[in-house]
Amino acid sequence: MQGKNLVESALDPAKAVYDQIVPAGEPWIHEIRQGQYFRIVDMAGNQAADTLFFNAHDYEERYSAQDTIRAQGNIYLTTGTQLISSQGNVLLTIVADTCGRHDTLGGACAMESNMVRYGLEKRYMHACRQSFVKAALSWGRGLEKRGSGGGALRLPGDPQEHRRRWRHRHARVSRSMGTR
Amino acid sequence: MAAEDAVLFQDMVQPGATWSHVLKRGSALRITDMAGGANVGAVFYNWDNLIERYNMPDTLKAQHIARLTSGCVLYSDMGRILCSITADTVGWHDPLSGCAPAALVATKYGVARYQEHRNDYYKNAYDGLVIELAKYGLSVRDMAAPVNFFSKVEVDDDGGMRFISNHSKVDAYVELRAEMHVLTILNTCQHPLDPNPKYEPRPVHVSIRQTTPPGPDDPCRLSQPENGRGFILTERYFL
């Protein structure tokens, strides 16, 4: 059993080594080094931040939703959750969470799945998987669609995605040096 | 359900083994639990374009489900249907839990190597599936989120996952109708959340039959509007 585990971070965002606003509907890709802390802030409320993680040294190893939920015996992510890779290693640990519950089963919306879910005419609606592919292409270095595992981590987690599908807003990402 | 007299091929998949076949569009694969308590980890790829493959999140959210049974379909990441579940005497198949890697199997059951145990050595589903993938030119990065047929994992209101033991009975079966040419890879290792402390994978029987294409009144097509659109996109693919 795992309820919402609300924990505030002691880190000061003013001291972050990197700070950027991600506009609604835009991809963002970055390397987070071992020992650093990575924070995502919902700036306007009700935002989703679909997220994929890869081992920066080996893109064949990536975040696995199934291994993550099975390892903790719970489908929701919150403080304390270890984000497990496809090879069974811990990629990141959630150490602070003021939302309390994040979804990892909904994946990311795609033009193709939106046609199935909402109507064939929805093909041209903006979709997050377009952003993932765009980010992977811009990054190069061997990242491509086939390595994503079809999964995505969604922060925060509202399983009723259809309620907010027209409400893409912006999020802020920051990266702090660790003290480890 | 396909007719009994139309069996084109049948075989037993041994406990802990991996089996693969390119299931042709218009044929149906029946998987039967021979001993009760079977688990079958399964991944699916479009044989004509292997980077299109079974997508767990798209399958679940398109059909508003967290378990698979008859009337459900398996979606690819391209909005198309790989397989439809046309018959099911089990009632619940687990799409959530993934498969056990070698480390988990060693932790739960210990290590039994070929060196000492010959063909009774302990297998794990992850290695079985990725070895089979490699035979088709695919690598570990191509590993999809597998379905666990014959297994049931309930989720409570707080998100807690619970494996239900003794879920599948002897002779229970599930039947998949291929809606495109589908590289199908099955593995009969135990479910990763199975609390049984013993290494006891079970065998399954597989059989392939010719089947009729899904008509306008097909139950999988009509189970919800999303699947109607999924069939349209799949049929367009073959124009």
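Parameters and conventions
- Residues numbered from 1 in each chain as written.
- Chains lettered and ligands numbered in written order.
- Predicted model: local features only at pLDDT ≥ 70, side-chain atom pairs only at ≥ 80, totals over all residues.
- Helix = DSSP H or I, 4+ residues; strand = E, 2+ residues; numbered from the N terminus.
- Buried ≥ 20, exposed ≤ 12 C-beta atoms within 10 Å, placed from the backbone.
- Contact = placed C-beta atoms within 7 Å.
- pLDDT = per-residue confidence, 0-100.
- Axes fitted to C-alpha atoms, helices over the stretch in contact; angles between N-to-C directions.
- Parallel < 35°, antiparallel > 145°, perpendicular 65-115°, else oblique.
- Left-handed = near helix turned anticlockwise from the far one by under 90°.
- Nonpolar A, V, L, I, M, F, W, Y, C, P; charged D, E, K, R; others polar.
- Pairing = 2+ DSSP bridges.

Tallying secondary structure elements over chain A gives 3 helices and 11 strands in all. Reading the helices (α) and strands (β) of chain A from amino to carboxyl end gives β-β-β-β-β-α-β-β-β-β-α-α-β-β. Counting over 180 residues, chain A shows a buried share of 34%. Counted over contacts in chain A with a minimum sequence separation of 6, partners at least 24 positions apart contribute 71%.

This next bit is on the confidence of the model for chain B. For chain B, mean pLDDT is 96; residues scoring 70 or higher make up 98% of the total. Overall fold confidence for the complex sits at a pTM of 0.92, while the interface term, ipTM, reaches 0.95.

With 6 of 8 residues buried, helix H1 (residues 65-72) of chain A is to be regarded as a mostly interior element. Within H1 of chain A, the full set of buried residues consists of Ala65, Gln66, Asp67, Thr68, Ile69 and Arg70 of chain A. Its buried side turned inward, H1 of chain A meets strand S7 (82-84) of chain A together with strand S9 (161-163) of chain B.

Further remarks concern the packing of helix H2 (residues 111-118) of chain A against helix H1 (residues 56-63) of chain B. Where H2 of chain A meets H1 of chain B, the closest approach of the two axes is 9 Å, and the angle between their N-to-C directions is 20°. As far as their axial angle goes, H1 of chain B and H2 of chain A are roughly parallel. The crossing of H2 of chain A and H1 of chain B is right-handed. From H2 of chain A, Ser113, Val116 and Arg117 of chain A reach across to H1 of chain B, where they touch Asp58, Lys61 and Ala62 of chain B. Its residues assigned to classes, the contact of H2 of chain A with H1 of chain B comprises 2 nonpolar, 1 polar and 3 charged.

Our focus in this paragraph is the interface of chain B and chain A. Contact with chain B, which involves 36 residues of that partner, is made by 32 residues of chain A. Of all the secondary-structure elements, those providing two or more residues to the side of chain B that touches chain A are H1 and helix H6 (225-237) of chain B. When residues of the side of chain B that touches chain A are assigned to their parent elements, the largest contribution, 6 residues, is made by H1 of chain B. A per-class count over the side of chain B that touches chain A returns 20 nonpolar, 8 polar and 8 charged.

So, about the sheet that holds strand S10 (residues 173-178) of chain B. All names here are of chain B. Sheet architecture is open: 6 strands sit in the order S1-S12-S3-S10-S6-S5, paired in antiparallel fashion. Only two strands of the sheet have a single partner each, and these edge strands are strand S1 (7-13) and strand S5 (73-75). The mean inter-strand angle of the sheet, taken between neighbouring strand axes irrespective of direction, is 20°. For strand S3 (residues 27-33) and strand S12 (residues 204-210), the ladder comprises 7 bridges, and the chain directions are antiparallel. Each residue of the ladder has a partner; that of Ile31, found in S12, is Val206.

All names here are of chain B. Across the sheet, 4 strands lie side by side as S2-S11-S4-S7; this open sheet has antiparallel pairing. With partners counted over all chains shown, the strands left at the sheet margins are strand S2 (18-23) and strand S7 (147-149), one partner each. Recorded for the sheet is a direction-independent mean angle of 25° between the axes of neighbouring strands. Sheet analysis places strand S4 (residues 40-46) next to strand S11 (residues 182-187), joined by 6 bridges and oriented antiparallel. Across the sheet, the residue bridging to Tyr45 is Leu183, located in S11. Packing against the sheet, helix H4 (residues 125-135) makes contact with S2, S4 and S11, and its axis sits at approximately 150° to S11.

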